[in-house]
Amino acid sequence: MTGQPDTPLIEVRGIGKSYGSVIALRDVSTVVNAGEVTCVLGDNGAGKSTLIKILAGVHRHDSGEFLVEGRPVSFASPRDALELGIATVYQDLAVVPLLSVWRNFFLGAEPRKSIGPLKFLDRREGRETTKRALADMGIDLRDVEQPVGTLSGGERQCVAIARAVHFGAKVLILDEPTAALGVKQAGVVLRYVAQARDRGLGVVLITHNPHHAYPVGDRFLLLNRGAPLGSYEKSEIDLAELTSQMAGGAEIEALEHELRSVNAK
Ligand SMILES: Nc1ncnc2c1ncn2[C@@H]1O[C@H](COP(=O)(O)OP(=O)(O)OP(=O)(O)O)[C@@H](O)[C@H]1O
Ligand SMILES: [Mg+2]
């Protein structure tokens, strides 16, 4: 691939998408740089998933520009995105619960060995590669033969992240990886997000939660009903401001007031 060192891995300029008469996204711009985390924040229906589906090749944008390492692209399928190193971990993870951790790690790309004219699944190689890749990310699983269904939600996210890193992703897109997790597990997942970033990947982190975004994020794109509400680098905004922007400032104050008076009764 080409691209100058300072060319963003991904850049969108004024991008938009409609589903029939529903405008799901309009005039959104942001960048994803190597070794950085771009956070996309917004309420339900804000257009977060629509944006990442465009980046992941699930949907095509119908206005604006989408550049990968400086070159305009329009993906026909998720395979096109993967070929350019853009890997996406969806919230409803594409894992097979009854298959082992290591089989899920490879999912169709398992190592094979030849004995004479026959090819066999190389279980030992598969197990060891998976263990090593997980250990490289600081994930310590006792047994990679255990079914993925026995892992916690956070551990599953971590396996998916390690898989993307192992298979050479340049950009890692995570759609609400912490949404269903408790405080401790969310912390574990965020630690792996930071690790992927430190290995030089560009990460796109979608979340509702400014407390999850702020510690790992380098830039923050806020969406509201499909439109950009704000776009900040970390130095331009603090956690309190990000939280109040998310909540729609005045609205949350009114809500606090209302709840307080209810409690007082
Ligand atoms: N396939 C679709 N067909 C029609 N409308 C859609 C489709 N997908 C999304 N929309 C609409 O586009 C808008 C943005 O949806 P999107 O899923 O991108 O929001 P989101 O920010 O990911 O929300 P959530 O936090 O609930 O996941 C919503 O109004 C939604 O109803
Ligand atoms: Mg969504």
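This text goes with the structure placed above it.
Quick caveat, the model's predicted, so the values are computed rather than measured.

**Q** Mind showing me how you'd approach the environment of Ser18 here?
**A** Tracing the sequence through the fold places Ser18 in strand S1 (residues 10-19). What makes Ser18 partly exposed here is the crowd of 14 C-beta atoms within 10 Å. The spatial distance from the C-alpha of Ser18 to the C-alpha of Asp143 is 46 Å, given a sequence separation of 125 residues. With residues near it in sequence (within four places) discarded, Ser18 still touches Ile23, Ala24 and Asp62.

**Q** Please explain the sheet that holds strand S9 (residues 171-175) as it appears in this structure.
**A** Sheet strands line up and pair through hydrogen bonds in the backbone, either parallel or antiparallel. Taken together, the six strands give an open sheet; going across it, the order is S6-S9-S10-S3-S11-S12, and neighbouring strands pair in mixed fashion. Lying at the two open borders of the sheet, with one neighbouring strand each, are strand S6 (86-89) and strand S12 (227-233). Neighbour-to-neighbour, the strand axes of this sheet turn through a mean angle of 15°, independent of strand direction. In this structure, strand S3 (residues 37-42) lies alongside strand S11 (residues 219-224), joined through five bridges in parallel fashion. Across the sheet, the residue bridging to Cys39 is Phe220, located in S11. Strands S6 and S9 of the sheet are contacted by helix H5 (residues 153-166), whose axis makes an angle of about 170° with S6. Lying on the sheet, helix H8 (residues 239-247) is in contact with S3, S11 and S12; it crosses S11 at an angle near 15°.

**Q** Would you mind showing me how to read helix H1 (residues 48-55) here?
**A** Within an α-helix, residues lying three or four positions from one another point in the same direction, as the helix has 3.6 residues per turn. Counting buried positions along H1 yields eight of eight residues, so the element is predominantly enclosed. Every buried residue of H1 is accounted for by Lys48, Ser49, Thr50, Leu51, Ile52, Lys53, Ile54 and Leu55. Looking one or two residues past H1, Gly57 carries a phi angle of roughly 85°, positive in sign.

**Q** Looking at this structure, how should I read the sheet that holds S1?
**A** In spatial order, the strands read S2-S1-S4-S5; together these four strands make up an open sheet with antiparallel pairing. Of all the strands in the sheet, the pair left with one neighbour each is strand S2 (22-32) and strand S5 (71-72). The pairing of S1 with strand S4 (residues 63-68) spans five bridges and is antiparallel. The residue bridging Glu11 from the neighbouring strand is Leu67, located in S4.

Thresholds, definitions, all that
- Residues numbered from 1 in each chain as written.
- Chains lettered and ligands numbered in written order.
- Predicted model: local features only at pLDDT ≥ 70, side-chain atom pairs only at ≥ 80, totals over all residues.
- Helix = DSSP H or I, 4+ residues; strand = E, 2+ residues; numbered from the N terminus.
- Buried ≥ 20, exposed ≤ 12 C-beta atoms within 10 Å, placed from the backbone.
- Contact = placed C-beta atoms within 7 Å.
- Pairing = 2+ DSSP bridges.
- Axes fitted to C-alpha atoms, helices over the stretch in contact; angles between N-to-C directions.

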